[in-house]
Amino acid sequence: MSALRQAVHAEWTKVRTLPGLLWLAAAVAVGTVAVGAASAAAVHCAAPPGAVCGQDPAKAALAGVQAGQAGVAVLAVLLIGSEYGTGMIRVTLAAVPRRGTVLTAKAAVLGALVLAAGTVAVAGSLLAGRLILPGHGFTGFPAAHGPVLRAAAGSVAYLVLVGLLALGVATAVRDSAAAVGAVLGLLYLFPIVASVVSDPQWYERLQRVGPMTAGLAVQSTLPGAGAPIGPYAGLGVLAAWAAAGLAAAAVSLAGRDA
């Protein structure tokens, strides 16, 4: 346990000293809130007073998560990709010979960093939604409402899982540019392919297995909103993708030279 604690401390020191990583985390939070506020400002409820609006206010306020995930992916890739690019990974593995410990420490530090940035981002997005949406015809958007809280917590978990997925891919690929492209491809490929599929059954299947479409189902707060998968099951799909990425990373670290 002490070896893992020392490895986590070393990884956190790298994050604090490497240029740009903390600024990138801050930019993820700011950008997510900005996009969420713009999305909330762009939607209007045309339902009569007292009627339920057909648009999901929580999804509108949290729309920035889809933009923030790209920054999270880049942050996760740089956390290890920069070491492969400079050759510093050899020093890291010499200091901590157990490669599983290195990967666990990086995942722990990344998870904590994204958790902090994601919490700020989601809280700011909900605050912006609370300020903007009532003026656009949305009469009921209580931040303490159960489904809204689930959407908020699930959005933070979504960002953390995307970061872990990106870390796993970057560790296996070992090239920052290729890893970013691979992660963004995984996130956006399924909805793009689903949009051109004419068979409704295949459309639903692609939506259910895609890491982004499945994971973001947690943001749905209206009953009968037609989400492709249940909120918790969707996060489970994304968690399975993240676990597969980390498993590939562990095999890659154990089976190849630095």
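Our subject is the structure that appears above.
For the structure given in this document, a descriptive report is provided here. (Residues numbered from 1 in each chain as written. Predicted model: local features only at pLDDT ≥ 70, side-chain atom pairs only at ≥ 80, totals over all residues. Heavy atoms only, no water.)

1. Thoughts on the packing of helix H7 (residues 146–173) against helix H11 (residues 231–255)
Right, so step 1: Running from amino to carboxyl end, H7 crosses H11 at an angle of 20°, the nearest separation of the two axes being 7 Å. Of the possible angle classes, the one that applies to H7 and H11 is roughly parallel. Between H7 and H11 lies a crossing whose hand is left-handed.
Right, so step 2: Across the contact of H7 with H11, the residue classes break down as 20 nonpolar, five polar and one charged. (Axes fitted to C-alpha atoms, helices over the stretch in contact; angles between N-to-C directions. Helix = DSSP H or I, 4+ residues; strand = E, 2+ residues; numbered from the N terminus. Parallel < 35°, antiparallel > 145°, perpendicular 65-115°, else oblique. Left-handed = near helix turned anticlockwise from the far one by under 90°. Nonpolar A, V, L, I, M, F, W, Y, C, P; charged D, E, K, R; others polar.)

2. Considerations on the nonpolar core
Right, so step 1: Counting residues in each nonpolar core, the largest one holds 49 residues, and the members touching the most others are Leu-75, Leu-110, Val-114, Tyr-158 and Leu-167.
Right, so step 2: Taken together, the elements giving at least two residues each to this core come down to helix H1 (2–17), helix H2 (21–42), helix H4 (64–86), helix H5 (89–95), helix H6 (99–132), H7, helix H8 (176–196) and H11.
Right, so step 3: In terms of residue count, H7 provides more of this core than any other element does, 11 residues in total.
Right, so step 4: Once residues within four sequence positions are removed from consideration, Val-114 is found in contact with Val-72, Leu-75, Thr-119, Leu-159 and Val-160. (Core = buried A, V, L, I, M, F, W, Y, C linked by side-chain atoms within 4.5 Å. Buried < 20%, exposed > 50% of the residue type's maximum accessible area, 1.4 Å probe, protein only. Contact = heavy atoms within 4.5 Å.)

3. A few points about the pattern of salt bridges
Right, so step 1: Counted under the stated rule, the structure contains five salt bridges.
Right, so step 2: Between Glu-11 and Lys-14 there is a salt bridge, with the nearest N and O atoms lying 3.1 Å from each other. Taken together, the positions of Glu-11 and Lys-14, both in helix H1 and three residues apart, correspond to about one turn of that helix.
Right, so step 3: Residue Glu-11 is classed as buried on the basis of its relative accessible area of 4%.
Right, so step 4: Taken together, the salt bridges that share partners define one network made up of Glu-11, Lys-14, Glu-83 and Lys-106. (Salt bridge = Lys/Arg side-chain N within 4 Å of Asp/Glu carboxyl O.)

4. Things to note about H1
Right, so step 1: The first and last C-alpha atoms of H1 sit 23 Å apart over 16 residues, in line with the 22 Å expected at 1.5 Å per residue.
Right, so step 2: Three or more residues of H1 are buried, namely Ala-7, Glu-11 and Val-15. The buried side chains of H1 occupy one side of the element, clustering within an arc of 80° when seen end-on. Opposite the buried face of H1, by more than 90 degrees, sit the exposed residues Arg-5, Gln-6, His-9 and Thr-17.
Right, so step 3: Taken together, the buried residues of H1 touch H2, H4, H5 and H6. (Expected span 1.5 Å × (residues − 1). Arc of directions from axis to C-beta.)

5. Description of a nonpolar patch on the surface
Right, so step 1: On the surface, Leu-189, Val-193 and Val-196 cluster together to form a nonpolar patch covering roughly 270 Å² of accessible area.
Right, so step 2: Here Leu-189 is to be found in helix H8. (Patch = residues over 30% accessible without salt bridge, like charges linked within 9 Å, V, L, I, M, F, W, Y side chains within 5 Å. Areas by Shrake-Rupley, 256 points an atom, 1.4 Å probe, with all protein chains shown as cover.)

6. As for the environment of His-145
Right, so step 1: Topologically, His-145 is positioned in the loop between H6 and H7.
Right, so step 2: Of the residues examined, His-145 reaches a relative accessible area of 41% and is grouped as partly exposed.
Right, so step 3: Along the primary structure His-145 and Arg-99 are separated by 46 residues, whereas in three dimensions their C-alpha atoms are 43 Å apart.

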